[in-house]
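# Breakdown of the fold
Single-letter residue listing:
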Amino acid sequence: MVGEDGAKLSAAKRSYRSAKEEGNRQEEARWANVIGDILKNRGEYVSALKWLRIDYDVSVKYLPEKHLLPTCQSLGEVYLRLEDFNHALIYQKKHLELAKDANDLVEQQRASTQLGRTYHEMFLRSDDDHLSVRNAKKYFKSAMKLAETLKANPPVKDCRFLKEYVDAHNNIGMIEMDLDNLEEALKILNKGLEICDEEEVEENDDGRSRLHHNLGNVYMELRMWINAREHIEKDIVICKRIGHCQGEAKGYINLGELHYKVQKYEEALRCYQRALDLANSMEDEDALTRQIDQNIETVKEAIKVMDELKKEEQNLKKLTRDMVVARGTPRERKCLLHQNASIDCLIEKSRMIFAWLKFREFAKRKKRVASELCDKEKLSDSFLAIGESYQKLRKFDKAFKWYKKSWEIYKSIGNLEGQALAKINIGDVLDSNGNWTGALDAFEESYRIAIESNLPSVQLSALENMHYSHMIRFDNVEEARRLQLLIDKLKKSKDKELETHNVAEDCCSETYTEGNNHLSESRSDACCSPEISKLNSSRSNSVASVEGLDDDVPLISLLWSSKNSPKMKAAQLEKHNISIQPIKVLPKSLSTSTNNPQTGVSRKRVRVILSDDESEVPDEVERLKGRPDKCPVEVVATSDEFKSRGNSASHDCKFQEVSATASKCATRSCDPVNIDESAGSYKSRSPNVATQNGKLFRSSSSAEVVIASDFAASWSKCDIDLSENLLHNAANLKLHASCDENDRITCKIDKDLMHLESSSCMDGDKLSTEAMKVELACLYYLQLPSEKRSEGLLPIIQQMKCGERVLESLETIEILRDHLGKVLLEAFIDGWVQKPLIKLYIDSCNELSEAPNMKLLKKLYNKRMEVSDDEVIVSECELQDLSITPLLNALHAHKTFAMLDLSHNLLGNRTIEKLQQVFASGQNYGGLTLDLHCNRFGPTSLFQICECPVLFARLEVLNISGNRLTDACGSYLSTILKKCKGLCSLNIEHCSITSRTIQKVADSLSAGSVLEQLCIGYNDPISGNSIINLLGKLATLKRFSELNLNGLKLSKPVVDSLCQLVQTSCLSELMLQGSSIGTDGAMQLTESLFNGIQDFVKLDLSYCGLTSKYTLGFNNDMADSILELNLAGNPILREGANALSSLLLNPRCCLKVLILNKCQLGHAGVLHIIQALSVNDSLQKLHLADNVDLGKHYSLHYDMTGKGWTEFLSESSLKVHVTKEVDTGEHGLCAVNNECNQLEVADSEDASIRVEAVASGIDDSCASSCQRNALSPYCQFIQELSTAIHMAKNLCLLDLSNNGLSTKAAETVYTAWLSLRASSAERHIEDQTIHLFVKGNKCCSVKPCCKKN
């Protein structure tokens, strides 16, 4: 099928080119749509989007509105698959409007279907998006009605519109399934199949496949395994036959889920692996691939839990045998307690892997043990567990019976919390049984009881269930909105209580209860698995009065006491129910072209299951309180998420956070987040350090703890363990009198004072508030006591003040610089972000008695959150083989990371040896980026990579440029290319290799390689033959798209070979800097590269000896396709500037980056380029530095005939004319010496010579004075330059350095830059450096080798 698609694609592109050449706009648009559709079906959504945009643009400009119908439909479909819902809705609604205007029922039906799918996806990704579910229903029902109308009265003969009618049934059935109305979904989906049979729809129809897909899911939820498997396998077979790779992959995912649910883990893994292979064969299915990887990981975790469960079953059998001996003896009660604890562990593990039959068996055994213990609370807990098992087995009547029994016992003993939780479970069962009114009554009763007993956690669960009922079941928008406000308010109050609770918890020791000291010798370690959800250990005093009796008391003596003991359990909502929540949810937008054959996660709220009491849990389980809990084994994510399982992972972890007994570590074990639910931040904590008689300081220069003199005498009484904090001696704990007071910033944060060295707070040569905040946050963390640091929470500093002035603007920072050592700043903590790697790094430093590297700390802190915590970027930290050891130890403990950047350090081969151990002990799957460029690695460093099997599976990007590898690395590179099957990028620039190594690289490449990017530049000598051989091999690679040959001298045969490569491969990046290919070679290459429509291209032809002839050959294909163009160092002159201006003026221009440094454009050319941006919406970065020779004398004139500015080198004198700076007053502008009518450019070697005489007068008075007086040519040039910059509204970065502009002229153009970018404009103006940019762009601090694509 792939070959067939390739032939279709090639034919479609030929037809497109032919239509474009003929000027047939209708055919041009149609074939662009066809190409986009082919690419969409192949899973190449980004490429498809490009072609569909071409279709849309041509249709809008040249064709009637009706031609936009298929275009909007296709764009909406692709945006939906890319999960860009906002854009999808825009085009889908436009599609529907156009269809209604044209009274086209067919297109109305398609548009309604797509809109329903998009709103359905939005609904699946939200907790309370009532409008989305309402709109999804509305549009799906509308599509159904239209399909019925079209089927009854087809507008076209021989078209029965069966497909649309069948798909409408599938969509309605799918949304009913998402709302947990499984019987209704089954009825509708089966009706769809009946229609297919009645109308004799062919067996391999994609509509049938979608029906089978969803029927498989419904039957799976109904636990009808045979029926489920039958439909899933039919779905897979149909998708395979029709070549629908995505559908086939999702079918295998569902089959894997089925095997997972019946605990057939090996079969599940095989299905997921098959799905993964299929997903990897598609271009843009990264989300699908990630979800399959997560499913595989989940199954592996489940296998571990199953092994632990089997071990614990053996332990229970041993305890049962012991009970036979202990019956009737004083040891009887103790043995029963041991059995109860073991059963609790088995129940929990069964729940984690959804082994509900075993769960029921253990729950009933718990009931028997609880009866023998004469403990009514344990008995009611066992009833709840039995009810849960029947509920999961979908025997709702029995589940209701047991839940009701549990509620009655809780009521008899006066346990209000138990009553409230039982009511929630009763409501859940009633909801599943279709008794929605009864369910709502139960939820409301639970909420009333929770209010009465002041149980916030139970209140929250009850409110969420009530919200679900009103929103989904009764469509009561106003009540759902009111309840959502109550939920949000309660969550905020709970966060505050959590902080208070954690503080109190730090001061309290744990209470030991009976049985703690006896079970360790009789229980296996299986129950101590970190996956076990923490059992509740809080008990009322009355419970303790019963359970605290001597173990040797006969059971009969306890009968009286268990009848009259009112029990009030503390909040324990987060217990066992946590493990049943789905955590990994597959995006549902990964669907077929006409319908989404997937179901979604139910909106059901948490089913609260009250756990057994933990007061008798033995010491092995008790010790778990001091260990971080892991998230329980997660529900296998599938293309159709499970129903009836409650909330998302983030919500589950919130419940864990309010556990009354969870340790500090456990409170954030699953989700260390509490800042807008974002990953890695935590707001409501503010660890303060109390000190006596003074304040605590830390010096940023040496990272030492510094204590004020009045505190020195009592430092040992401080809360902070100074001997542990960076392991400095007490002799160093003093104020650094040797430090220059005038070079230090003192800042107050919370109750502590910090000293910052100004040199560590610089960005370039200027003080930076961002750098100060990062420095301060790291120092504050270092001075925290060890118990506070153990949580790994670092402060987020959002605001700093100097007196009453907020330290934000450049002016206030400059004022601060002038008063260093004399002012006190104040910083405010806005929240907390969790950085576990920093915590591990500091711990490792303490173990090794090493002072932390502050540069490395600040890199790991990553204040702007530009990268995730999975990306470890520690470049330019002055790391050496010894000093990197603490970081490597931390990574060894951290284990999981997807990117490691160690570039620009001083590391050698020993570091790679240690890294090999880190990789070997960590994760063995998942992509890995390894950036080692610019260090001191030798060829044997690659040997260590070759010796690490984990890297063969994980390594995707390897950058080892800038290291002296020599040709000795050839065989190692060959091994890496052959064995690292996922390697898609290799950079070996500046590695001192020659043709021998390049030939070995070429020989190691095979047609199956997934290599996408290769950089071999700046190596010498490399012969033309070796490059030609390499290019020939690259032409056989399917994915190859980026080639870097910078600095290699390319001969004519090499250029010819390169042209053949770009014609056969779809290159998106070609870097040929300094390749000396000349104008003819560049024109030949460009013609090959843009022969027809290519993917968007990044092209670097800098310093290649090009002339203006090259730019004059630009055509419309370049405007369509080129994203970045670098022509720096080529003398293209003013003629080249004119050609480039025409390119920028082209409305089809999509150029984003243009680099024209050192192109001899002159001032006139520079101005012409910038003026073209007034109508250009694409260009974002423009580099025009060094376009005027500062050592020559130029004349600038304005041609009144309309040709604009002209510029020529004066033959009369090359001497630089020096003028004095004139007054900047209103009349000063025109009081210029006549000699200044020519542009006077200063000699760059004489700093005292400035060309400021004319430009100095340009300010706000310029316009008014110019109305009365004629401007000099240079002054008029600056004014027009400023106007052009003002009009270039989309530009984000402009480099005008070294163009002879005076300082005041630079300030004038910055004022123009500022006019449209008031809040984001920034500048770097110093001498002849003139960089104008907006926030988020770096002007000159990024090294060329570190620039990312």
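Figured I'd write up the structure that's included with this text.

Now for the overall build of the protein chain. For the protein chain, the count of helices and strands is 46 helices and 27 strands. A fraction of 75% describes how many contacts in the protein chain between residues 6 or more apart in sequence connect residues 24 or more apart. Total accessible area computed for the protein chain in this model is approximately 53800 Å², and 50% of it derives from carbon and sulfur atoms.

If you walk through the whole model with that rule in mind, you get 13 aromatic pairs. Judged by centre distance (5.7 Å) and plane angle (5 degrees), the rings of tyrosine 79 and tyrosine 91 are stacked. Taken together, the residues tyrosine 79 in helix 4 (residues 68-81) and tyrosine 91 in helix 5 (residues 85-101) connect sequence positions twelve residues apart. A relative accessible area of 8% places tyrosine 91 in the buried class. For the cation-ring pair, arginine 25 lies above tyrosine 62, with the distance from its terminal atom to the ring centre recorded as 4.1 Å. One Lys or Arg, lysine 405, reaches over the ring of tryptophan 402 and ends 4.4 Å from the middle of that ring.

Before going further, it helps to examine the pairing of strand 10 (residues 824-834). Of the strand pairs in this sheet, strand 4 (residues 744-749) and strand 10 are connected by four bridges, and their pairing is parallel. Following the sheet pairing, lysine 748 is matched in strand 10 by glutamate 826. Note that strand 8 (residues 793-802) and strand 10 share nine bridges and pair antiparallel. Among the inter-strand pairings, lysine 801 is bridged to a residue of strand 10, identified as glutamate 826.

So, on to the packing of helix 7 (residues 130-152) against helix 8 (residues 162-178). One way to put it is that helix 7 packs onto helix 8 with a least axis distance of 9 Å and a crossing angle of 155 degrees. Here helix 8 runs roughly antiparallel to helix 7, going by the angle between their axes. The crossing of helix 7 and helix 8 is left-handed. Residues Val133, Ala136, Lys137, Phe140, Lys141, Ala143, Met144, Ala147, Glu148 and Lys151 of helix 7 form the contact with helix 8, whose own contacting residues are Leu162, Glu164, Tyr165, Ala168, His169, Asn171, Ile172, Met174 and Ile175. In terms of residue class, the contact of helix 7 with helix 8 is made up of twelve nonpolar, two polar and five charged.

Given 3.6 residues per helical turn, the α-helix brings residues three or four places apart onto the same face. For helix 15 (residues 332-352), built from 21 residues, the straight-helix expectation of 30 Å at 1.5 Å per residue is met to within 8% by its first-to-last C-alpha distance of 31 Å. Burial of helix 15 is extensive: 21 of the 21 residues sit out of reach of the surface. Immediately downstream of helix 15, the backbone of phenylalanine 354 shows phi near 60 degrees, a positive value.

Moving on: the environment of glycine 970. In this structure, glycine 970 sits in helix 35 (residues 970-979). Judged by its relative accessible area of 0%, glycine 970 is buried. Spatially, the C-alpha atoms of glycine 970 and leucine 942 are 9.6 Å apart, while their sequence positions differ by 28 residues. Setting aside chain neighbours within four positions, we find glycine 970 in contact with Thr997 and Lys1000.

With respect to the helices, strands and loops of the structure, glycine 243 is situated in the loop between helix 11 (225-242) and helix 12 (245-261). Of the residues examined, glycine 243 reaches a relative accessible area of 35% and is grouped as partly exposed.

A few words now on the packing of helix 8 against helix 10 (residues 206-221). Contact geometry for helix 8 and helix 10: axes closest at 10 Å, N-to-C directions at 15 degrees. The orientation of helix 8 with respect to helix 10, classified from their angle, is roughly parallel. At the point where helix 8 passes helix 10, the crossing takes the left-handed sense. Of helix 10, the residues touching helix 8 (which contributes Lys163, Val166, Asp167, Asn170, Met174 and Met177) are Asp206, Gly207, Arg210, Leu211, Asn214, Asn217 and Val218. Considering only residue class, the contact of helix 8 with helix 10 consists of five nonpolar, four polar and four charged.

In this model, aspartate 1020 is joined to proline 1021 through a cis peptide bond whose omega is -5 degrees. Take proline 1021: it is sitting in the loop between strand 16 (1013-1015) and helix 37 (1024-1034). One non-glycine residue, asparagine 454, lies in the positive phi region at around 55 degrees. Of note, asparagine 454 is situated in the loop between helix 20 (436-452) and helix 21 (456-473). Residue classification places asparagine 454 among the exposed positions, given a relative accessible area of 58%. Residue threonine 966 is not a glycine yet carries a positive backbone phi of 60 degrees. By secondary structure assignment, the location of threonine 966 is in the loop between strand 14 (955-959) and helix 35. Judged by relative accessible area, threonine 966 falls into the partly exposed class, the value being 23%.

This paragraph deals with a positive patch on the surface. Taken together, the side chains of Lys395, Lys398, Lys401 and Lys405 present a region of like positive charge at the surface. Along the chain, lysine 395 falls in the loop between helix 17 (376-392) and helix 18 (396-412). A relative accessible area of 38% means that lysine 395 is categorised as partly exposed.

Moving on, we get to the pairing of strand 8. Relative to strand 9 (residues 805-806), strand 8 is paired through two bridges, and the arrangement is antiparallel. Its bridge partner being in strand 9, lysine 801 is matched across the sheet by valine 806. Between strand 8 and strand 9, which pair antiparallel and follow one another directly, the connecting turn spans two residues, one of which, glycine 803, has a positive phi of 70 degrees.

Its 17 residues give helix 2 (residues 25-41) an end-to-end C-alpha distance of 24 Å, which sits within 8% of 24 Å, the value for a rise of 1.5 Å per residue. Residues of helix 2 that are buried: Glu28, Ala29, Trp31, Ala32, Asn33, Ile35, Gly36, Ile38, Leu39 and Lys40. Positioned one or two residues after helix 2, glycine 43 has a phi angle of 85 degrees, which is positive.

What counts, and at which threshold
- Residue indices begin from 1 for each chain and proceed along its sequence in written order.
- In keeping with the predicted nature of the model, local features appear solely for residues at pLDDT of at least 70, side-chain atom pairs appear and are counted solely at 80 or more, and the whole-chain, interface and lining totals rest on all residues.
- Heavy atoms from the whole structure form the basis of all side-chain values; hydrogens and water molecules are not counted.
- Strands here are runs of E lasting at least two residues and helices are runs of H or I lasting at least four, both read from the DSSP assignment and numbered beginning at the N terminus.
- The contact criterion used throughout is that any non-hydrogen atoms of two residues lie within 4.5 Å.
- Note on areas: Shrake-Rupley, 1.4 Å probe, and residue coverage restricted to the protein chains presented here.
- Here a Phe, Tyr or Trp ring, Trp counted by its six-membered ring, pairs with any other such ring whose centre lies within 6.5 Å, and the pair is stacked when the planes are under 30 degrees apart, edge-to-face when over 60, and tilted otherwise.
- Only protein chains enter the area calculation, which uses a 1.4 Å probe; residues under 20% of their type maximum are buried, those over 50% are exposed, and those in between are partly exposed.
- Two conditions define a charge sitting above a ring: the NZ of Lys or the CZ of Arg must be within 6 Å of the ring centre, and it must be within 35 degrees of the ring normal.
- For two strands to be treated as a pair, DSSP must find no fewer than two bridges joining them.
- The axes are straight lines fitted to the C-alpha atoms, using for helices just the contacting stretch, and the angles between their N-to-C directions are given from 0 to 180°.
- Throughout this description, any angle smaller than 35 degrees is read as roughly parallel, any larger than 145 degrees as roughly antiparallel, any in the 65 to 115 degree range as roughly perpendicular, and the remainder as oblique.
- For any helix crossing, the convention is left-handed if the near helix is rotated counterclockwise from the far helix by under a right angle, and right-handed if that rotation is clockwise.
- In this count, Pro and Cys sit with the nonpolar residues alongside Ala, Val, Leu, Ile, Met, Phe, Trp and Tyr, while Asp, Glu, Lys and Arg are called charged and the others, Gly among them, polar.
- Given the number of residues in a helix, its expected span is that number minus one, multiplied by 1.5 Å.
- Each patch is built from residues lacking any salt bridge and having more than 30% relative accessible area; the joining distance is 9 Å for like charges and 5 Å for nonpolar side chains (Val, Leu, Ile, Met, Phe, Trp, Tyr).
- The salt bridge criterion pairs a side-chain nitrogen of Lys or Arg with a carboxyl oxygen of Asp or Glu, the two atoms within 4 Å.
- Asp and Glu are treated as the negative residues and Lys and Arg as the positive ones, with His and the ends of the chain left uncounted.
- We put the charge of a Lys on NZ, of an Arg on CZ, of an Asp on CG and of a Glu on CD.

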